[in-house]
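Report on the structure
Below are the chains, spelled out letter by letter.
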Amino acid sequence: METLKLATEWAKAEVFSTRFFILFAILFLIASAGFWQLGKTDLAKAYIIPTIVAGVLLLTIGLGLFYTNKSRITQFEKDFNADAASFITSEIERTESTLKEYTVVFKVIPILICVAALVLLFINSPTWRAISITTITMLIIILLVDGNAHARIEVYNKQLLEIEK
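Every value quoted in this text rests on a predicted model; they were computed, and no experiment measured them. (Residues numbered from 1 in each chain as written. Predicted model: local features only at pLDDT ≥ 70, side-chain atom pairs only at ≥ 80, totals over all residues. Heavy atoms only, no water.)

1. Things to note about the overall build of the chain
Secondary structure assignment for the chain yields 5 helices and 0 strands. Counting from the amino terminus, helix and strand elements in the chain follow one another as α-α-α-α-α. Considering the chain as a whole, with its 165 residues, one finds that 36% of them fall into the buried category. Counting contacts in the chain only where the partners sit at least 6 residues apart, residues at least 24 apart contribute 81% of the total. (Helix = DSSP H or I, 4+ residues; strand = E, 2+ residues; numbered from the N terminus. Buried < 20%, exposed > 50% of the residue type's maximum accessible area, 1.4 Å probe, protein only. Contact = heavy atoms within 4.5 Å.)

2. Some remarks on the environment of Glu-164
By secondary structure assignment, the location of Glu-164 is in helix α5 (residues 126–164). Along the chain, Glu-164 and Ala-85 lie 79 residues apart, while their C-alpha atoms are 8.2 Å from each other. Ignoring sequence-local partners within four residues, the contact set of Glu-164 consists of Ile-88, Thr-89 and Ile-92.

3. Concerning helix α4 (residues 84–122)
A rise of 1.5 Å per residue sets the reference length of α4, with its 39 residues, at 57 Å; its end C-alpha atoms lie 57 Å apart and thus fit the reference within 8%. Along α4, the residues classified as buried are Phe-87, Ile-88, Glu-91, Ile-92, Arg-94, Thr-95, Thr-98, Leu-99, Tyr-102, Ile-109, Ile-113 and Ala-116. Residues of α4 that are buried in the fold lie against α1 (2–38), α3 (48–82) and α5. (Expected span 1.5 Å × (residues − 1).)

4. Focus: a nonpolar patch on the surface
Side chains of Phe-16, Phe-20, Leu-23, Ile-26, Leu-27 and Ile-30 sit close together on the surface and give an oily, nonpolar patch of about 560 Å² of accessible area. Position of Phe-20 among the secondary structure elements: in helix α1. (Patch = residues over 30% accessible without salt bridge, like charges linked within 9 Å, V, L, I, M, F, W, Y side chains within 5 Å. Areas by Shrake-Rupley, 256 points an atom, 1.4 Å probe, with all protein chains shown as cover. Salt bridge = Lys/Arg side-chain N within 4 Å of Asp/Glu carboxyl O.)

5. Considering the pattern of salt bridges
This model, assessed by the stated rule, comprises 3 salt bridges. One salt bridge connects Glu-9 with Lys-5, and the closest N-O pair in it is separated by 3.8 Å. Taken together, the residues span about one helical turn, with Glu-9 and Lys-5 both in helix α1 at a distance of 4 residues. Relative accessible area serves as the criterion here: at 45%, Glu-9 is assigned to the partly exposed category. Of the charged contacts, one joins Glu-91 and Arg-94 as a salt bridge, the two residues approaching to 2.8 Å between their closest N and O atoms. Pair noted here: Glu-91 and Arg-94 are both in helix α4, with a separation of 3 residues, about one helical turn.

6. As for the packing of aromatic side chains
In this structure the tally under the stated criterion is 7 aromatic pairs. Ring centres of Phe-16 and Phe-20 lie 5.4 Å apart, and the angle between their planes is 85°; this geometry places the pair in the edge-to-face category. Here the residue Phe-16 and the residue Phe-20 both occupy positions in helix α1, the gap between them amounting to 4 residues, near one helical turn. A relative accessible area of 35% places Phe-20 in the partly exposed class. (Phe/Tyr/Trp six-rings, centres within 6.5 Å; stacked < 30°, edge-to-face > 60°.)

7. Regarding the side chain of Ser-17
Mapped onto the elements, Ser-17 comes out in helix α1. Residues contacting Ser-17, with those up to four places away along its chain left out, are Val-145 and Arg-152.

8. Some thoughts on the side chain of Thr-18
Assignment of secondary structure puts Thr-18 in helix α1. What makes Thr-18 buried here is its relative accessible area of 2%. Here Thr-18 is in contact with Gly-62, Leu-65, Phe-66 and Asn-69, once residues within four sequence places are set aside.

Laid out in structure tokens, this is it:
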């Protein structure tokens, strides 16, 4: 039963964490509306589309992860009650796979941030400045939320390995 509680707590923490993607998505969409209504300069007007795109991307990520992890909470109980040993094994495999994916994320996103920063430095158009700054901001938000999620799943994986022993 400790394993089920552990898995459920992890999934609930993930559900809470994904709400930050949704919150930042809403903030990006509000910013876009603000730039659309109040933007007087070319740069302010250039932010309208990039902030909408970033908002929609973050909203998609947030809602997808929210519903995936929300459904996991009920599925965990069913899977655990059906066969506790295979549940632990499958969770260990899933967490290890996810940890490998995070390794890629933590290498690719900083590279994308560097590329966006270079575009910001070398291209002096308002549109490209807005795209670069919005991209950097969105990717930093993803790194912040995913960094916490990575730490959580790493701890969860270690706890599962302890239980398996």
